[in-house]
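Working through the structure, step by step
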Amino acid sequence: MWSKESSILCFLFLVLAILVRGSSQEPQLGSARVVFQTNYGDIEFGFFPDVAPKTVDHIFKLVRLGCYNTNHFFRIDRGFVAQVADVVGGRSAPMNEEQREEAVKMVVGEFSDLKHVRGILSMGSGEVFENYENAQRGYSDPNSASSSFSILLGDAPHLDAKYAIFGRVTKGDETLKKLEDLPTRREGIFVMPTERITILSSYFYDAKMETCEHERSTLKRRLAASVVEIERQNEMLPVIQ
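Below you will find a few notes about this structure. (Residues numbered from 1 in each chain as written. Predicted model: local features only at pLDDT ≥ 70, side-chain atom pairs only at ≥ 80, totals over all residues. Heavy atoms only, no water.)

1. Section: the overall build of the protein
- What the protein contains, in helices and strands, is seven helices and ten strands.
- Within the protein, buried positions represent 47% of all 241 residues.
- Look at the contacts in the protein between residues 6 or more apart in sequence, and 73% of them connect residues 24 or more apart.
- Entry remark: accessible area of the protein is about 13000 Å², with carbon and sulfur atoms responsible for 56%. (Helix = DSSP H or I, 4+ residues; strand = E, 2+ residues; numbered from the N terminus. Buried < 20%, exposed > 50% of the residue type's maximum accessible area, 1.4 Å probe, protein only. Contact = heavy atoms within 4.5 Å. Areas by Shrake-Rupley, 256 points an atom, 1.4 Å probe, with all protein chains shown as cover.)

Here it is as structure tokens:
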């Protein structure tokens, strides 16, 4: 027979094990999905609204406004990150007033105990217009996240609790692998692609509603519009010698 003390001790260990397992589990993704259509393929991602609600609201609004269209990945560091440029200076197309009003906003740092592993989306900080120059100056205000964010290409524990995690890639790892294989150059602390990796267009949909006929027709219209945008942007891309 177990003693009362042994029973209590076993119970406490069981509770501790449940708490540890629960804390290590990834939070649930919201139903919203965003697709970036690049000149090397599509990348789809979802959000963690329970982890970083303000960040998710801000990024998703930028997507809905079309702010990431014609933007680019200014940084590709194999096994580390693929970083999207700040839309204020990264787009090749001009912004309208509504887009600019949202794009210049900064978001309070919503740091969590989630881990920076491959596929995670993590906000940049202090990267207004010319990202690498500000980083070289050591600009690291924790509440200065704007529109630049990184897609993790590997584990980066040194970033944990220092940058706000707000989502993860759901489809498109094959596209990320293509980006990692592209030639790069080093500029300061950044490893940058030698050619422009353009986000030709973007669209979003609700994963819970995708089987609904109305949502499917809406998605088809968005895809058709994206195809037109991609063709237009391909015509604008410079010829690589």
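Moving on from the coordinates now.
2. A look at the pattern of salt bridges
- One pass over the full model with this rule turns up seven salt bridges.
- A salt bridge links Arg118 to Asp173; the shortest N-O distance between them is 2.9 Å. Separated by 55 residues along the polypeptide, Arg118 in the loop between α4 (97-103) and β5 (120-123) and Asp173 in helix α6 (residues 173-180) bring together distant segments of the chain.
- With a relative accessible area of 30%, Arg118 lands in the partly exposed category.
- Measuring nitrogen to oxygen at the nearest pair gives 3.1 Å for the salt bridge that ties Glu187 to Arg185.
- Since its relative accessible area comes to 38%, Arg185 is described here as partly exposed.
- Through salt bridges with shared partners, a single network forms among Arg118, Asp173, Lys177 and Glu180. (Salt bridge = Lys/Arg side-chain N within 4 Å of Asp/Glu carboxyl O.)

3. Overview of the packing of aromatic side chains
- Counted according to the given criterion, the structure contains eleven aromatic pairs.
- Sitting over the ring of Phe60, Arg64 keeps its end group 4.8 Å from the ring centre. (Phe/Tyr/Trp six-rings, centres within 6.5 Å; stacked < 30°, edge-to-face > 60°. Lys NZ or Arg CZ within 6 Å of the ring centre and 35° of its normal.)

4. So, empty space enclosed by the protein
- Overall, the coordinates contain one cavity of 30 Å³ or more when judged by the stated rule.
- For the largest cavity, the calculated volume is near 70 Å³.
- Phe111, Met123, Pro142, Ala145 and Ala164 are the residues nearest the centre of the largest cavity, which is lined by 13 residues in total.
- Here the lining of the largest cavity is composed, by residue class, of seven nonpolar, four polar and two charged. (1 Å grid on protein atoms, 1.4 Å probe; cavity = no way out; pocket = protein on both sides within 12 Å on 5 of 7 lines; lining within 4 Å. Points joined across faces, edges and corners; volume = space filled by probe spheres on them. Nonpolar A, V, L, I, M, F, W, Y, C, P; charged D, E, K, R; others polar.)

5. Notes on the environment of Pro94
- Here Pro94 shows up in the loop between α3 (87-90) and α4.
- Each C-alpha atom of the pair Pro94 and Thr70 lies 9.4 Å from the other, and the pair is 24 residues apart in sequence.

6. Quick word on the nonpolar core
- By size, the foremost hydrophobic cluster in this structure holds 36 residues, and its most contacted members are Phe47, Tyr68, Phe73, Phe149 and Phe166.
- Examining the composition of this core, we find that five residues originate from one element, helix α2 (residues 53-64), more than from any other.
- In this structure, Phe73 is in contact with Thr38, Ile43, Ala82, Gln83, Val84, Ile151, Pro193, Ile197 and Ile199, ignoring residues within four places of it in sequence.
- Membership of the second largest hydrophobic core comes to eleven residues, among which are Phe48, Leu152, Leu159 and Ile165. (Core = buried A, V, L, I, M, F, W, Y, C linked by side-chain atoms within 4.5 Å.)

7. Brief notes about the side chain of Thr175
- Within the secondary structure, Thr175 is located in helix α6.
- Given a relative accessible area of 2%, Thr175 falls into the buried group.
- When residues no more than four places from it in sequence are discounted, the contact partners of Thr175 are Thr38, Tyr40, Gly41, Asp42 and Ile43.

Purely geometric stuff here, so don't read any function into it on its own.
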